[in-house]
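A structural walkthrough
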Number of protein chains: 2
Amino acid sequence: MADSNVFRATTTAPVNIAVIKYWGKRDATLNLPTNSSLSVTLSQKSLRTVTTASCSPNYPAADGDTLTLNGKPENINASKRTLACLSSLRALRKELESADPSLPKLSSYPLRVVSENNFPTAAGLASSAAGFAALVRAIADLYELPQSPTDLSKIARQGSGSACRSLQGGYVAWRAGTKEDGSDSVAEEIAPASHWPEMRALILVVSAEKKDVPSTTGMQTTVHTSPLFATRAEHIVPKRMIGMEEAITKRDFAAFADLTMRDSNNFHACCLDSEPPIFYLNDVSRAAIRLVNDINRVAGKVVAAYTFDAGPNAVIYYLDEVSEIVGGTFKAILGGELEGWEGPFGDRLKSISAGVDLNSLDSKAIEVLKTGISRVILTGVGEGPEKIDTHLVSEKGDILSL
Amino acid sequence: MADSNVFRATTTAPVNIAVIKYWGKRDATLNLPTNSSLSVTLSQKSLRTVTTASCSPNYPAADGDTLTLNGKPENINASKRTLACLSSLRALRKELESADPSLPKLSSYPLRVVSENNFPTAAGLASSAAGFAALVRAIADLYELPQSPTDLSKIARQGSGSACRSLQGGYVAWRAGTKEDGSDSVAEEIAPASHWPEMRALILVVSAEKKDVPSTTGMQTTVHTSPLFATRAEHIVPKRMIGMEEAITKRDFAAFADLTMRDSNNFHACCLDSEPPIFYLNDVSRAAIRLVNDINRVAGKVVAAYTFDAGPNAVIYYLDEVSEIVGGTFKAILGGELEGWEGPFGDRLKSISAGVDLNSLDSKAIEVLKTGISRVILTGVGEGPEKIDTHLVSEKGDILSL
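The rules behind these values
Residues numbered from 1 in each chain as written. Chains lettered and ligands numbered in written order. Predicted model: local features only at pLDDT ≥ 70, side-chain atom pairs only at ≥ 80, totals over all residues. Heavy atoms only, no water. UniProt positions renumbered as here; feature names shortened; annotations may be inferred. Helix = DSSP H or I, 4+ residues; strand = E, 2+ residues; numbered from the N terminus. Rg over C-alpha atoms; globule rule 2.2 N^0.38 Å. Buried < 20%, exposed > 50% of the residue type's maximum accessible area, 1.4 Å probe, protein only. Contact = heavy atoms within 4.5 Å. Lys, Arg positive; Asp, Glu negative; His and termini not counted. Charge placed at Lys NZ, Arg CZ, Asp CG, Glu CD. Domains from an automatic or database assignment. Buried area = accessible area lost by both parts, 1.4 Å probe. Pairing = 2+ DSSP bridges. Axes fitted to C-alpha atoms, helices over the stretch in contact; angles between N-to-C directions. Salt bridge = Lys/Arg side-chain N within 4 Å of Asp/Glu carboxyl O. Phe/Tyr/Trp six-rings, centres within 6.5 Å; stacked < 30°, edge-to-face > 60°. Lys NZ or Arg CZ within 6 Å of the ring centre and 35° of its normal. Disulfide = S-S within 2.5 Å. Least-squares fit on C-alpha atoms with pLDDT ≥ 70 in both. Polar contact = N/O pair within 3.5 Å; in protein donor to acceptor, adjacent residues only side chain to side chain. Nonpolar A, V, L, I, M, F, W, Y, C, P; charged D, E, K, R; others polar. Parallel < 35°, antiparallel > 145°, perpendicular 65-115°, else oblique. Left-handed = near helix turned anticlockwise from the far one by under 90°.

Labelled according to an unreviewed UniProt entry, chain A appears under the name Diphosphomevalonate decarboxylase, originating from Talaromyces amestolkiae. Checking UniProt for chain A, the heading Sequence similarities (unreviewed entry) contains the comment "Belongs to the diphosphomevalonate decarboxylase family." Quoted verbatim from the Catalytic activity (unreviewed entry) heading of the UniProt record, the comment on chain A is "(R)-5-diphosphomevalonate + ATP = isopentenyl diphosphate + ADP + phosphate + CO2".

In structure tokens:
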């Protein structure tokens, strides 16, 4: 590397989908949340961001730090959130350099950051969590920072709240914290993916619809106008965090599922209680909820749990052992020709048709789902960011593509 | 009447649409609510139930009391709620007869009750409120009971909670009360229709869809499973009742509308927060909400308020003076050929097209509304039950039809 004075580090980072939702900021600049949240990190075999952070004394200082996202140069100065992350990471590097003058002065070199997602932005998946997690992890690696993922989560959080949960794999809690400076608002791994590796996530991507309200705006509308929201933040979520951690520790799927569904509904209820009301669920989302409930009823136990972020896409959690009942049934409803059934988790459903008799499910919901879902993503719980050697910046500093 | 020993009394009763919603019972038998509610009584020129109560010593005792609804004999013994009303009314009559032995012993004669709605049940309008109000009022008139509408509201309430609000015209509050026997859970007129006669109500009837959950079941699901509901019942509604009464007293439409919309959303938020979640709003309802918000935005002030009961139909309140902006705009969106624009309130919109430029409204919402609304009902605030002489039972006791 030192040949051309270009320093590089590359990392991949995962998407995460919360089962106890983050909604509402108590500090909008520091991205401090009104309540704790908890998520499942999804496998990077399906969805991931790859980011190379590089710096060099040879990069033109006049260009400053640069960022290329999915092949497009971004105006880094337009994003206060990105600037906040870079500045925090650089400060930590400076501390190292001050303590050990033999270290190269990377903190003084311009950064060249290149990032690519392996999933379509059009799928409506929150890519910012994976994006900021990869950015922070890659620069931390480039700077050889000794900070733990939990320490780094404070920095990623300033990029995008939920990004702090993408710095670790498995089951991750983001503690809201109480301090004004946010120093105790950090993400912690509750359990690694290996603790409960059987968790699957089937994402039903709803045919393109303009997003109702961006989540940052929506959150603040809810905090300021919903008379129900304080009850959620102060009373409901704290109890559910305890219950959810216990469910994960015990690998109790029924409890996990029950809390997941209730919390998704509770979050969307607070959206609806806002003025003006915010709707992320549409008739297709409702149909997915109905079918999950029907499948659980027919199965005679809770085998599937739906959850919805700030959009109509359903994420359905289930355990590998009930792949036939849950994944197979949705595959039979939606048709195997739909994009997304293949891939790293597809083998399990290859020869499977409907796990439950489709006649025992709500026929109208089946119709609505069939016409309303444009693709699926079949994935599962996975690991946190990984360091890799396939860089998006060449040894000479040129921007590459995957 | 006495010729044939058939005693008769006939009344009409109105529908009411709440602006502070009733949702949740603290006593399911007595229909005691968890919170107070407030409604606008709608004009009987548009929607009404006509009920004749009759009794006679000549009616066969073996038949017992009988009830005919819209031409169909009902099994009165299958409805505990109807039996409860009849028994309470009979007891009051007995008191009169005991005090004055010269009175005919009507309480000992079998009742023959005949009732007809002038609106299609298929429209999805809660007909039970008008139905039980008419039943109670007609029998009270037959029995010549001295009780006030507020006293009688305790009886109607046992038939159907919201029926207690249909015993009076104009703007009616149902006080939840605190007593276990329900003696203080009564309806009161806040203001007569003449206080604010300009109030209009445009009902957008959504194309037939199976009702998600009957309201009686839904209420109890919410009370037992929604962790947000107690906040609504104990803290939010009591404040809103005060605000709404003030808005009505002052004829302050902006305040009336703001509370109406917030309370509708709050009620539906609690439905969504239930387990399993209850959805009454669908994509068509969402489109109506969007368009009301857009019209208010374009108008530069709050001229319209939406509210939704336990179903997808939108009820849009506005004042006659903005008929063009609100009613006219919806008429332009939906087309004048749709059923329901004619009728007692139709003249005001006869020559009116769009009050606001349709291009300034959400085009997708317009499309969804156009295809999703099957008819409208254009009405306004109106009077309480009225005694009439057109009976549904002949002098000889035969059942007639309107």
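A separate point is the overall build of chain A. Scanning chain A from terminus to terminus reveals nine helices and 16 strands. Compactness check: chain A gives a C-alpha radius of gyration of 22 Å against a globular reference of 21 Å for 402 residues, within 12% of the reference. In terms of principal-axis extent, the alpha carbons of chain A reach across some 70 × 45 × 40 Å. Expressed as a percentage of its 402 residues, the buried residues of chain A come to 58%. Residue pairs at least 24 apart in sequence account for 76% of intrachain contacts in chain A once pairs closer than 6 positions are excluded. For chain A, the distance from the average position of its 41 positive side-chain charges to the average position of its 46 negative side-chain charges is 2 Å.

Moving on, we get to the domain arrangement of chain A. Residues and elements named next belong to chain A. Domain annotation of chain A identifies domain 1 (7-192) and domain 2 (199-380). On a C-alpha basis, the centroid separation for the pair domain 1 and domain 2 is 27 Å. Of the residues lining the interface, 30 residues belong to domain 1; the matching set on domain 2 comes to 41 residues. Counting the surface lost from both domain 1 and domain 2, the interface buries some 3,000 Å², and carbon and sulfur atoms represent 71% of this.

Attention now moves to the sheet that holds strand S13 (residues 304-307) of chain A. Residues and elements named next belong to chain A. An order of S13-S14-S12-S15 is seen for the four strands of this open sheet, with the pairing classed as antiparallel. Bordering the open sheet on either side are S13 and strand S15 (373-380), each of which pairs with just one other strand. Within the sheet, the average angular offset between the axes of one strand and its neighbour, ignoring direction, is 20°. Relative to strand S14 (residues 314-319), strand S12 (residues 199-206) runs antiparallel, the two sharing six bridges. Its bridge partner lying in S14, Ile203 is registered against Val315.

In this section: the pattern of salt bridges. Residues and elements named next belong to chain A. Across all of its chains, the model carries 38 salt bridges over all chains by this definition. Measuring nitrogen to oxygen at the nearest pair gives 3.1 Å for the salt bridge that ties Asp258 to Arg262. Of this pair, Asp258 and Arg262 both sit in helix H6 (residues 253-272), four residues apart, which is roughly one turn of the helix. A salt bridge links Glu342 to Lys350, with the nearest nitrogen and oxygen atoms 3.8 Å apart. Note on Glu342: relative accessible area 53%, which makes it exposed.

With that out of the way, let us pick up the sheet that holds strand S12 (residues 199-206) of chain B. All names here are of chain B. If you trace the four strands from one edge of the open sheet to the other, you get S13-S14-S12-S15, paired in antiparallel fashion. The open sheet has two edge strands with one neighbour each: strand S13 (305-307) and strand S15 (373-380). Sheet twist, expressed as the mean angle between neighbouring strand axes with direction ignored, is 20°. One ladder, built from three bridges, connects S13 with strand S14 (residues 314-319); its direction is antiparallel. What sits directly across from Ala305, in S14, is Tyr317. On top of the sheet, helix H8 (residues 324-334) reaches S12, S14 and S15; it is set at about 140° to S14, its chief contact.

Evaluated as defined, the whole model comprises 18 aromatic pairs over all chains. Look at Trp196 of chain A and Phe256 of chain A: their rings are 5.6 Å apart centre to centre, the planes differ by 75°, and that puts the pair in the edge-to-face class. A residue pair is termed long-range when its members are at least 10 positions apart, and Trp196 of chain A in the loop between strand S11 (187-191) and S12 and Phe256 of chain A in helix H6 qualify at 60 residues. The pair formed by Trp196 of chain A and Phe256 of chain A is uniform in burial state, with each residue classed as buried. What links up through ring pairs into an aromatic cluster is the set Tyr171, Trp196, Phe253, Phe256 and Tyr317 of chain A. Over the ring of Tyr59 of chain B we find Arg112 of chain B; its NZ or CZ atom is 3.7 Å from the centre of that ring.

A few words on the state of the cysteines. Here, the word disulfide means a covalent bond between the sulfur atoms of two cysteines. All names here are of chain B. Evaluation of the coordinates by the stated rule reveals zero disulfides over all chains. In this model Cys55 remains outside any disulfide bridge; the closest cysteine sulfur is found in Cys85, 17 Å from its own. Cysteine Cys271 is unpaired, with the sulfur of Cys270 as its nearest cysteine sulfur at 7.2 Å. Residue classification places Cys271 among the buried positions, given a relative accessible area of 1%.

Moving on, we come to the relation of the copies chain A and chain B. Overlaying chain A on chain B yields an RMSD of 0.1 Å, the required transformation being a rotation through 179° with an accompanying axial translation of 0.0 Å. A rotation of that kind, with that shift, is consistent with a two-fold axis. Among all C-alpha atoms of chain A, that of Ala269 of chain A lies closest to the rotation axis, at 2.1 Å. When the interface residues of chain A are mapped onto chain B, 100% of them again lie at the interface, so the same face is used by both copies.

Listed per partner, the contact involves 33 residues of chain A and 33 residues of chain B. Taken together, chain A and chain B are joined by zero salt bridges. Here chain A is connected to chain B by six residue pairs in polar contact (both at pLDDT 80 or more). Of the residues forming the side of chain A that touches chain B, the biggest block, seven residues, is contributed by H6 of chain A. Among the residues forming the side of chain A that touches chain B, the class breakdown is 12 nonpolar, eight polar and 13 charged.

All right, on to the pairing of strand S10 (residues 171-174) of chain B then. Residue and element names in this part refer to chain B. The two faces of S10 match: Tyr171 and Ala173 on one face and Val172 and Trp174 on the other face are all buried. When strand S5 (residues 37-41) meets S10, the two strands line up antiparallel, connected through four bridges. Across the sheet, Val40 pairs through a bridge with Tyr171, a residue of S10. Where S10 lies against strand S11 (residues 187-191), four bridges are found, and the strand directions are antiparallel.

Further remarks concern the side chain of Asp263 of chain B. All names here are of chain B. Residue position: Asp263 is located in helix H6 (residues 253-272). For Asp263, a relative accessible area of 0% corresponds to the buried category. Leaving out residues up to four positions away in the same chain, Asp263 has contacts with Val19, Ile20, Lys21, Arg232, Val237 and Arg240.

Looking now at the packing of helix H1 (residues 80-99) of chain B against helix H2 (residues 128-142) of chain B. Residues and elements named next belong to chain B. Two elements in contact, H1 and H2, have axes separated by 10 Å at closest approach and are oriented at 25°. Classified by the angle between their axes, H1 and H2 sit roughly parallel to one another. H2 is crossed by H1, and the crossing has right-handed handedness. Residues Arg81, Thr82, Cys85, Leu86 and Leu89 of H1 form the contact with H2, whose participating residues are Phe132, Leu135, Val136, Ile139 and Ala140. Class assignment for the residues of the contact of H1 with H2 results in eight nonpolar, one polar and one charged.

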